[in-house]
Every structure is written in structure tokens, then in C-alpha cells.
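Reading the structure
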Amino acid sequence: MAEFFSFEAQNKVMIKDIIHKRRSVYPAMYSDAPIAKETIEELLLAAHQAPTHRKTQPWRFKVFHSEQQRAALGDFLGKKYRNTIGNYSEFKEAKIRNKPTQAACVIAICVQEDPEKRVPYWEELAATAMAVQNMWLLCTELSLGCYWSSPALMQYLDEFVSLESGERCIGFFYLGHLKDELPAPWERKPLADHVSWF
């Protein structure tokens, strides 16, 4: 029995390793390979396991999976940028338009405020962020690149897709297969700079 547990310990993926391996990987670093719908559903199911106060489950996800859907999202964001920005840049508009098509999938991250207001809104935001982290960690385990973008243009998503009353977009989650290895970790400040013991 002891040998069995030793073998299992040597072969299982440790969550701490996945946490340290997690990176922000941008669409320009993705290959053209598609991601199967079943994989996206697996990621969303992982998100759905996040903790949530009073079980409000405030996360809402709008999935743009097909090339046509992603291109339409890019066109919408590009036009909205052109029509709302004061310091317009043609280069920036092209970048905004192209980003969704560089990804294999784009998931709009939304928060649904509890109609009964049983919990403060910041807790709903925190729960949704934990749902996204669940997806992020599973992407890392599956060797998928991803990152959470929160452009100002996200505030206009309700002009592109229907949102419920009290529902708000807080970002876009871009996903794709990696062209190369994960980027090297950036050097963080010492943990002691962020922790006080009492």
C-alpha cells in the first residue's frame, strides 16, 4: 500500500505547481489551432465551482467561439473605439479589431448583481474573479494560453449582446494554443513585502 501511494505522489500534478506556472499569454502568442467546444465547456465547468457567498453564483459568460462570432466582436469593438475615443489611432483600431480573431475563443466575463442585494457587489466581483482563476489554472494544466483583458470598451458589450438587468461586463478572457513555451515568470517582490505577522 505504501508503494502505491508513493507512485501516485510522484505522478500527480500538484496544484501548487500549476499556480506557479500560470501566466498571462496574449493573443499574438497563440497558434491558429482551434479549441474544441468540449474543452471550453470543461473550463466553464471549472469556473462554475468557484466559491460564492449565499450561493448567488454571480458569474455570467458570453462565449464567442466560432471565427465568425469572434470577427463580429472585433468589428464591433473597433467601430466603438473609433466612435468614442478622443485621441484616435488607426493602428490601435486595427489592433482592437484583430485581437478576437487571433484567439481561438473569447469569453466575455460578466457579473450579475443579486436582485435581492443579499451580498455587497464587491463580493460578487470577487466570486467572479475566482471563477476566472479556476479557468486560468485549468488552462495552465491543459497547456492553453489565456489572459484577462479589461478594456474601457467592455462597458458597451450590452450594445452587442443582450445583458440582463443588473448584469455588467468586467472583461474579456482570451484563449488559444501556444505557439511556443510559456513565457518565463516575471520577478515578483519578496513575499515579506506584502505580509505582516502578528
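Read on for an overview of the structure.

Take the overall build of the chain next. A count of helical and extended segments in the chain gives 6 helices and 4 strands. Beginning at the N terminus, the succession of helices and strands in the chain can be written as α-α-α-β-α-α-β-α-β-β. Going through the 198 residues of the chain one by one, you find that 37% of them count as buried. Counting contacts in the chain only where the partners sit at least 6 residues apart, residues at least 24 apart contribute 79% of the total. Total accessible area on the chain is roughly 12,800 Å²; 53% of this is exposed by carbon and sulfur atoms.

Moving on to the nonpolar core. With 46 residues, the main nonpolar core has Phe-61, Leu-157, Phe-172, Phe-173 and Leu-175 as its most contacted residues. Taken together, the elements giving at least two residues each to this core come down to α3 (37-47), β1 (59-64), α4 (67-84), β2 (105-112), α6 (121-141), β3 (144-149) and β4 (167-177). Examining the composition of this core, we find that 8 residues originate from one element, α6, more than from any other. Each residue touching Phe-61, except ones within four places of it in the same chain, is listed here: Leu-44, Ala-47, Ile-107, Ala-108, Ile-109, Ala-131, Val-132 and Met-135.

Summed over all chains, the structure comprises 6 aromatic pairs. Both rings, one in Tyr-26 and one in Tyr-147, keep their centres 4.6 Å apart while their planes meet at 75 degrees; by these two values the pair is edge-to-face. Taken as a pair, Tyr-26 in the loop between α2 (15-21) and α3 and Tyr-147 in strand β3 lie far apart in primary sequence, 121 residues in all. Here Tyr-26 falls in the partly exposed class, since its relative accessible area comes to 42%. Where Trp-136 meets Phe-173, the ring centres are 5.8 Å apart and the plane angle is 70 degrees; that geometry is what we call edge-to-face. Linking Trp-136 in helix α6 with Phe-173 in strand β4, this pair joins segments that are 37 residues apart in sequence.

The next subject is the packing of α3 against α6. Where α3 meets α6, the closest approach of the two axes is 7 Å, and the angle between their N-to-C directions is 135 degrees. The pairing of α3 with α6 is recorded here as oblique in orientation. Along this stretch, α3 crosses α6, giving a crossing that reads as right-handed. Along its contact with α3, which presents Glu-42, Leu-43, Leu-44, Ala-46 and Ala-47, the element α6 presents Ala-131, Asn-134, Met-135, Leu-138 and Cys-139. Tallied by class, the residues present in the contact of α3 with α6 amount to 8 nonpolar, 1 polar and 1 charged.

About the criteria used
For every chain, the first residue of the written sequence is number 1, and numbering continues from 1 along that sequence. For a predicted model such as this one, the threshold for reporting local features is a pLDDT of at least 70, and the threshold for listing and counting side-chain atom pairs is 80 or more; totals across whole chains, interfaces and linings nevertheless cover every residue. Here the side-chain values reflect all heavy atoms present in the structure, with hydrogen atoms and water set aside. For helices the rule is a DSSP run of H or I covering at least 4 residues; for strands it is a run of E covering at least 2, with both sets numbered from the N terminus onward. A 1.4 Å probe rolled over the protein chains alone gives each residue an accessible area, and that area as a share of the maximum for its type sets the label: buried under 20%, exposed over 50%, partly exposed in between. Here, residues are in contact when the closest pair of their heavy atoms is within 4.5 Å. Per-residue and other accessible areas were derived by the Shrake-Rupley procedure at a 1.4 Å probe size, with only the shown protein chains allowed to occlude residues. Note on terminology: a nonpolar core comprises buried Ala, Val, Leu, Ile, Met, Phe, Trp, Tyr and Cys residues joined through side-chain atoms within 4.5 Å. Note on ring pairs: Phe, Tyr and Trp rings are taken, using the six-membered ring of Trp, and paired if centres are within 6.5 Å. Classes follow the plane angle, with under 30 degrees stacked, over 60 edge-to-face and the rest tilted. Under this scheme, a helix contributes an axis fitted over its contacting stretch, all axes are lines through C-alpha atoms, and angles between N-to-C directions fall in the 0 to 180 degree range. What sets the label is the angle itself: under 35 degrees gives roughly parallel, over 145 gives roughly antiparallel, 65 to 115 gives roughly perpendicular, and the rest give oblique. Two helices that cross are described as forming a left-handed crossing if the nearer one is turned anticlockwise from the farther one by less than a right angle, and a right-handed crossing if clockwise. As a working rule, the residues Ala, Val, Leu, Ile, Met, Phe, Trp, Tyr, Cys and Pro are called nonpolar, Asp, Glu, Lys and Arg charged, and the rest polar, with Gly in that last group.

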